[in-house]
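Residue strings, one per chain:
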Amino acid sequence: MNRKGFTMIELLAVIVVLGIVLVITFPNMTDVFKSSKLKSEEAFVERISQSIDSYVTLNSSSIGFSPDGTAQKNYGGSNHSVNVYKGTITINTIINNNIISEKDYKNPGNENVACNKNTEIEVYRDSDYVYCHKIKKDSLGCLTDEYKNTINSDYIVDTCTWTK
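Residues numbered from 1 in each chain as written. Predicted model: local features only at pLDDT ≥ 70, side-chain atom pairs only at ≥ 80, totals over all residues. Heavy atoms only, no water.

Chemist: Before we go on, may I ask you to explain the state of the cysteines in this structure?
Modeler: Summed over all chains, the structure comprises two disulfides. Note on cysteine connectivity: C115 is disulfide-linked to C142, with sulfurs 2.0 Å apart. Of note, the bridge from C115 to C142 carries an S-S torsion of about 85° and is right-handed in sense. In this pair, C115 is assigned in the loop between α2 (91-96) and β3 (120-126) and C142 in the loop between β4 (131-136) and α3 (145-148), connecting sequence segments 27 residues apart. Like C115, the residue C142 is buried in the burial classification. Note that C132 is cross-linked by a disulfide to C160, the S-S spacing being 2.0 Å. In this structure the cystine formed by C132 and C160 twists about its S-S bond by roughly 85°; its chirality is therefore right-handed. Taken as a pair, C132 in strand β4 and C160 in the segment after β5 (155-158) lie far apart in primary sequence, 28 residues in all. As far as the burial class goes, C132 and C160 line up, both buried. If one numbers only the bonded cysteines of the protein, in the order they occur, the disulfide pattern is 1-3, 2-4. (Disulfide = S-S within 2.5 Å. Helix = DSSP H or I, 4+ residues; strand = E, 2+ residues; numbered from the N terminus. Buried < 20%, exposed > 50% of the residue type's maximum accessible area, 1.4 Å probe, protein only.)

Structure follows, in structure tokens:
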């Protein structure tokens, strides 16, 4: 017998198999998408932190530091006290000094929302002339809630290692 085409049973079997494959793979695909989105936000925050480091390295003398108290630093298992000075800068300052461009100051994980250029960055200097910086979690304005929920602190960036 010379048949041309498929029977209804064969077509239904193929559709059922494709449906099973789709049901198995779809949740994994959405997890991969969410994971890659979080990784891109993490890379964005790291790029901002590196830009702040560069700005502070190049322009530390232009940051107006004022006394902020003392902190404890650990050297080789022993603590000692250091004076801490605080200054503030903004993302706009970093953009204006050509450390990061305006087009690079966009969160690829949340492109629909513009990042706040007036985000205040706390910059600290201790009496050993070691610099660190902090950015509050909600101040950038362009991070997704999913990413912010992965951070167990009030700060999205906190490079300070000493304790107050």
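Next comes the rest of the description.
Chemist: Please clarify how the packing of aromatic side chains should be interpreted in this entry.
Modeler: Two numbers describe a pair of aromatic rings. These are the distance of the centres and the angle of the planes. All told, the structure shown has three aromatic pairs when counted by the stated rule. Ring centres of F44 and Y105 lie 6.0 Å apart, and the angle between their planes is 35°; on these two criteria the pair is classed as tilted. Linking F44 in helix α1 (residues 8-59) with Y105 in the loop between α2 and β3, this pair joins segments that are 61 residues apart in sequence. Each member of the pair, F44 as well as Y105, is classed as buried. Geometrically, the ring pair formed by Y124 and W162 is edge-to-face, given 5.8 Å between the ring centres and 85° between the ring planes. Within this pair, whereas Y124 is found in strand β3, its partner W162 is found in the segment after β5, the two being separated by 38 residues in sequence. (Phe/Tyr/Trp six-rings, centres within 6.5 Å; stacked < 30°, edge-to-face > 60°.)

That is the geometry; function is a separate question.
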